[in-house]
Amino acid sequence: MSRGFSNSFFSLLLLAITLAVTASATPVVQVRDSLVRLSTAKRFNLTGSGTLLARDQARVRNLRARAAAKIAGVEFVEDADGSVPADNQAVDYVVNVGVGTPATTYSLLVDTGSSNTWVGAGKAYVRTSSSTQTRDRVSVTYGSGSFSGTEFTDTVTLGNGLTVTGQSIGVASRSQGFDGVDGIIGIGPVDLTVGTLSPDTRSTIPTITDNLFSQGIISSDSVAVSFEPTDSPEVVNGELTFGGTDSSKFTGSITFAPLTRTSPASEFFGINQSIRYGTSTSILSTTAGIVDTGTTLTLIATDALQKYQRATGAVLDNATGLLRLTQAQFENLQSLFFDINGVNFELTPNAQIWPRALNTAIGGNANSVYLIVGDIGTRSGSGLDFINGLTFLERFYAVFDSANSRVGFATTPFTDATTN
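Per an unreviewed UniProt entry, the protein goes by the name Acid protease and belongs to Trametes coccinea. UniProt, in the comment section headed Sequence similarities (unreviewed entry), describes the protein in these words: "Belongs to the peptidase A1 family."

Structure below.
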């Protein structure tokens, strides 16, 4: 397929979306104006022992530990002390990707907080004429799961005739915490792959975004993410756009913020921001954190959460691990404003709550109101004081621009939605 080919569509295989029941939907890949658009499906997998918050906090601890190991130039070794049992990520977005010639289709989680692409958690890897085994072993730990196995290079198919050749693919011989999916498509900064190979521990592995760019398929080394809030688990409602932005997915202009230089947020797609509640209540002064599709909640530093809890009047709900409001408190809830590079992004009262139709799925009460802002687990000043996770990204369009070392945000038709 040539660059700029207009209105060409390719239907991928059905995506599994699980929440006690399984639903199917058909994602679509579009290539237009040197962009690659890949539909994503939201997946709820809320079985297991950990609460939403516990799973997210386990991921945060892992991100910190991986960053510390990289900065120190040592191999990262998972520390099980204080961790929750390996469990499935509770809420995620999934894409279908073909690997091999002919291609076998795999259902992969979208993750901007890691950069390895791998398969084999569910469906086994199929070796074909385009498969080449390297000399390296590969392993990654995510906090809520892990995998280890062998590195191959192979052809990756994203659409009808659209292929990336020589892509590194981890083939898992062992994995945990990835029920219902086949692996991960890691689209984070390429330096996150350092230390994941052995014996080539100092080597980086170009991501799919990097290879799309280097092979001339896209004109910019960037990927944009469009998600939407939903109160149903049975929906394909997201899109990855490689190589630029899709103007149909956002409103107004895109505000770009440079990647932060504050460690450890600087090891990821990290930015600086401040947070205000209502008109004048400061929740978090300007500080560093990250934007991460692999985190479900919007997490802030412990002392910031205490300010937020006082401002809202919420109480901690032991069953879910989330802050809980009464209906009267919800009716008085004010917006949260995220100041990113001088522009305020408003998280409305509705955007601050978990979808009430899905309360029981997280162990909550059907008639309660739960907040999606949670405790990151450390006080401010740690260098990673917030994570703008899926609950934030479902309200704002995000552009992860590796070429220009920046992250962009824009409002969408769903910024002010009352879905929840």
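A. Region of interest: the overall build of the protein. The number of helices and strands found in the protein is five helices and 28 strands. In the protein, once contacts between residues fewer than 6 apart in sequence are set aside, the share between residues at least 24 apart is 67%. Summing over all exposed atoms, the protein offers an accessible surface of approximately 15400 Å²; the carbon and sulfur share of this is 48%.

B. Structural view of the side chain of Asp221. Inspection of the secondary structure assignment puts Asp221 in the loop between helix H2 (208–214) and strand E14 (222–226). Buried charge without a salt bridge: Asp221, with Arg406 as the nearest opposite-charge side chain at an N-O distance of 12 Å. Setting aside residues no more than four positions away along its own chain, Asp221 makes contact with Thr209, Asp210, Phe213, Asp401, Ser402 and Ala403.

C. Here's a closer look at the pattern of salt bridges. As enumerated under the stated definition, the model contains seven salt bridges in all. Across the pair Arg59 and Asp292 runs a salt bridge whose closest N-O atoms are separated by 2.7 Å. Of this pair, Arg59 sits in helix H1 (residues 52–72) while Asp292 sits in the loop between strand E18 (281–291) and strand E19 (298–300); the two residues are 233 residues apart in sequence, bridging distant segments of the chain. In this pair, the class of Arg59 matches that of Asp292, namely buried. Among the ionic pairs, Arg406 bridges to Asp401, the shortest N-O distance being 2.8 Å. Linked through salt bridges whose partners overlap, the residues forming this network are Arg59, Asp111 and Asp292.

D. Here's a closer look at unusual backbone geometry. In the segment running from Ser198 into Pro199, the intervening peptide bond is cis, with an omega of 20 degrees. The omega torsion of the bond from Ser263 to Pro264 falls at 10 degrees, within 30 degrees of zero and hence cis. Within the secondary structure, Pro264 is located in the loop between strand E16 (251–258) and strand E17 (270–277). Look at Asn341: it is not a glycine, yet its phi comes out positive at around 55 degrees. Looking at where Asn341 falls in the secondary structure, it is placed in the loop between strand E22 (336–340) and strand E23 (343–347).

Reading the values: the criteria
- Residues numbered from 1 in each chain as written.
- Predicted model: local features only at pLDDT ≥ 70, side-chain atom pairs only at ≥ 80, totals over all residues.
- Heavy atoms only, no water.
- UniProt positions renumbered as here; feature names shortened; annotations may be inferred.
- Helix = DSSP H or I, 4+ residues; strand = E, 2+ residues; numbered from the N terminus.
- Contact = heavy atoms within 4.5 Å.
- Areas by Shrake-Rupley, 256 points an atom, 1.4 Å probe, with all protein chains shown as cover.
- Buried < 20%, exposed > 50% of the residue type's maximum accessible area, 1.4 Å probe, protein only.
- Lys, Arg positive; Asp, Glu negative; His and termini not counted.
- Salt bridge = Lys/Arg side-chain N within 4 Å of Asp/Glu carboxyl O.

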